[in-house]
Amino acid sequence: MAASILQRCLSPVQTFSKCVSYRSIARRCLLSSAYTDPAVWEQRQKDPQDLGQLASLMDRTYERKFPVSSLVIARFIDNLSSKEEVDQAQYYLYKFRHSPNCWYLRDWTIHSWIRHCLKYGARDKALYSLKNKVQFGMFPDDFTLNLLIDSFIKDKDFKGACSVVEEVMLQESFERISTQILSLYALSKYLATKPELSWQEERNMGASLMLAGLKQENSVGFSAQLLGFALIGKVELSRGIHAVFHEMPLIWAPGYLGRALAVMNAVCDYRDVKLSAEVLDHVEKILQELSVISDGQNDTDTMLDEEDELERQKLSEYMNRFKELKERLVSQEKIDSRSLESLVSALTQQTLVTCEDADISEYQKKVSDWEAERQQLIQRERETKEKNQKERLNKQSVSAAQ
């Protein structure tokens, strides 16, 4: 009787323990609080400024057609304290980008801008300036991009996270392991919602999956490569190779579906690597959708050249080759029943925590270097002001003597 009562009392505790354990695992899929903690950034030496005076100074300077210094725009961004001020700052970032000093927007100013957008609930402003990077000069470093991707992911805005990943892809900034993992996580989560994608979104999604996947020599990496190449191949066969490489960091040679099949062939020869069954199904569906144009009939208004037509004629060959390779994968037990989302989530739990320490250490050094550079600019500004003041006094003395 006592044992029965004890068991009933312990049951809720055990259930709660399981829930806590599950939540901690799920939470571990994202960047830790140590990674996103702004303490290192906020410990920099403060330089309090009046935003109204800075705005007035910049307006007068632009009216006189003089360049605004990078220190002035940096001070303006560093002293933002509300969402309304963030909105105002976007205008001055645009003005600075279209001024003679446009190349001198400092990396720490870009980082500060993104952090203030996240702090004051203006993430849409950060994304807008990033998507329009040419107009705003927004080219953040990998750590800053990670913070922005992670912010979208934690709010389950996977489409927004993928928009940032697209910019990472365009900048070819997949060198950091944490960026690769976060990007693949966002992409897989968004694809799991089965969104209706335009052909441009399919191309961008495919390029992001492919380029991030190339950095991972594991089941996730090869599955991402396969799906990425297939999505790009779909665009190639339906709209032509020019639609693929226009403003994209992709090779201009045709044959992206052939490259997808090459990934399948490589997995057959790789040890301890499998392909997601879900990804294979997705690729098969793409081939079936493309079969309607196997006779070379164009279902779009796009003009295809001879090279595109030759690629279309290979579709039946690609379909047969896909079936052969899939049979080989089945016979070798190289197909993983898990979805791409599940594979990426597992990799995230295993990998993300191990690469955070290196990122944080590098970030701390970078902030230190930024601060040293900022102090040098402040010293140079002070010396320039003193020199100009002495020259004015000398001129006044000469004028008075005459």
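Above this note sits the structure.
A brief structural summary.

Cut-offs used in this document
- Residues numbered from 1 in each chain as written.
- Predicted model: local features only at pLDDT ≥ 70, side-chain atom pairs only at ≥ 80, totals over all residues.
- Heavy atoms only, no water.
- Helix = DSSP H or I, 4+ residues; strand = E, 2+ residues; numbered from the N terminus.
- Buried < 20%, exposed > 50% of the residue type's maximum accessible area, 1.4 Å probe, protein only.
- Contact = heavy atoms within 4.5 Å.
- Areas by Shrake-Rupley, 256 points an atom, 1.4 Å probe, with all protein chains shown as cover.
- Core = buried A, V, L, I, M, F, W, Y, C linked by side-chain atoms within 4.5 Å.
- Expected span 1.5 Å × (residues − 1).
- Axes fitted to C-alpha atoms, helices over the stretch in contact; angles between N-to-C directions.
- Parallel < 35°, antiparallel > 145°, perpendicular 65-115°, else oblique.
- Left-handed = near helix turned anticlockwise from the far one by under 90°.
- Phe/Tyr/Trp six-rings, centres within 6.5 Å; stacked < 30°, edge-to-face > 60°.
- Lys NZ or Arg CZ within 6 Å of the ring centre and 35° of its normal.
- Salt bridge = Lys/Arg side-chain N within 4 Å of Asp/Glu carboxyl O.
- Arc of directions from axis to C-beta.

1. Overview of the overall build of the chain
1) Next: Secondary structure assignment for the chain yields 20 helices and 2 strands.
2) Next: Evaluated residue by residue, the chain yields a buried proportion of 48% over its 402 residues.
3) Next: Look at the contacts in the chain between residues 6 or more apart in sequence, and 76% of them connect residues 24 or more apart.
4) Next: On the chain, roughly 21100 Å² of surface is accessible, and the fraction owed to carbon and sulfur atoms is 51%.

2. A word on unusual backbone geometry
1) Next: The backbone phi angle of K65 is positive, close to 60 degrees, even though this residue is not glycine.
2) Next: Inspection of the secondary structure assignment puts K65 in the loop between helix 4 (51-63) and helix 5 (70-78).
3) Next: Residue K156 is not a glycine yet carries a positive backbone phi of 60 degrees.
4) Next: Within the secondary structure layout, K156 lies in the loop between helix 10 (142-154) and helix 11 (158-170).

3. Focus on the nonpolar core
1) Next: The biggest cluster of nonpolar side chains holds 113 residues, and the ones touching the most others in it are F76, W113, I153, L209, L226 and M264.
2) Next: Broken down by element, the residue count for this core peaks at 12 residues, all from helix 20 (residues 340-401).
3) Next: Residues within four places of L226 in sequence aside, it is in contact with A260, V263, M264, L275, V279, L280 and V283.

4. What about helix 12 (residues 177-192)?
1) Next: Spanning 16 residues, helix 12 covers 22 Å between terminal C-alpha atoms, matching the ideal 22 Å at 1.5 Å per step.
2) Next: The first or second residue beyond helix 12 is K194, which carries a positive phi of 55 degrees.

5. Concerning the environment of I177
1) Next: In this fold, I177 is placed in helix 12.
2) Next: Expressed as a C-alpha distance, the spacing of I177 and A212, which sit 35 residues apart in the sequence, is 9.4 Å.
3) Next: Discounting chain neighbours no more than four positions away, the residues touching I177 are Q216, T351 and C355.

6. With respect to the packing of helix 11 against helix 12
1) Next: Running from N to C, helix 11 and helix 12 cross one another at 135 degrees; their axes reach a closest spacing of 9 Å. With respect to each other, helix 11 and helix 12 are oriented oblique. The chirality of how helix 11 crosses helix 12 is left-handed. From helix 11, F158, K159, A161, C162, V165 and V168 reach across to helix 12, where they touch T179, S183, A186, L187, K189 and Y190.

7. Things to note about the packing of aromatic side chains
1) Next: Scanning the model with the defined rule gives 10 aromatic pairs in all.
2) Next: Relative to F143, the ring of Y35 has its centre 4.5 Å away and its plane inclined at 10 degrees; by these criteria the two rings are stacked. Placement of the pair is Y35 in helix 2 (residues 33-36) and F143 in helix 10, with a sequence separation of 108 residues.
3) Next: Taking the relative accessible area as the measure of exposure, Y35 reaches 1% and is therefore buried.
4) Next: Judged by centre distance (5.8 Å) and plane angle (65 degrees), the ring pair of Y94 and F136 falls under edge-to-face. With Y94 in helix 6 (residues 83-97) and F136 in helix 9 (residues 133-136), this pair connects stretches of sequence that are 42 residues apart.
5) Next: Pairwise contacts between aromatic rings join Y35, F143 and Y363 into one cluster.
6) Next: In this structure, R44 is placed above the aromatic ring of W41, and the distance from its NZ or CZ to the ring centre is 3.7 Å.

8. Topic: the pattern of salt bridges
1) Next: As enumerated under the stated definition, the model contains 27 salt bridges in all.
2) Next: Put simply, D155 and R123 hold a salt bridge, and the shortest N to O gap is 2.9 Å. Taken together, the residues span a long stretch of sequence, with D155 in the loop between helix 10 and helix 11 and R123 in helix 8 (residues 123-131) at a distance of 32 residues.
3) Next: Relative accessible area serves as the criterion here: at 52%, D155 is assigned to the exposed category.

9. Here we look at helix 8
1) Next: Within helix 8 the residues assigned to the buried category are R123, A126, L127, S129 and L130. The buried residues of helix 8 occupy an angular sector of 165 degrees when the element is viewed end-on, so they sit on one face.
2) Next: On its buried side, helix 8 packs onto helix 6, helix 7 (107-119), helix 9, helix 10 and helix 11.

The analysis is restricted to geometry; functional conclusions fall outside its scope.
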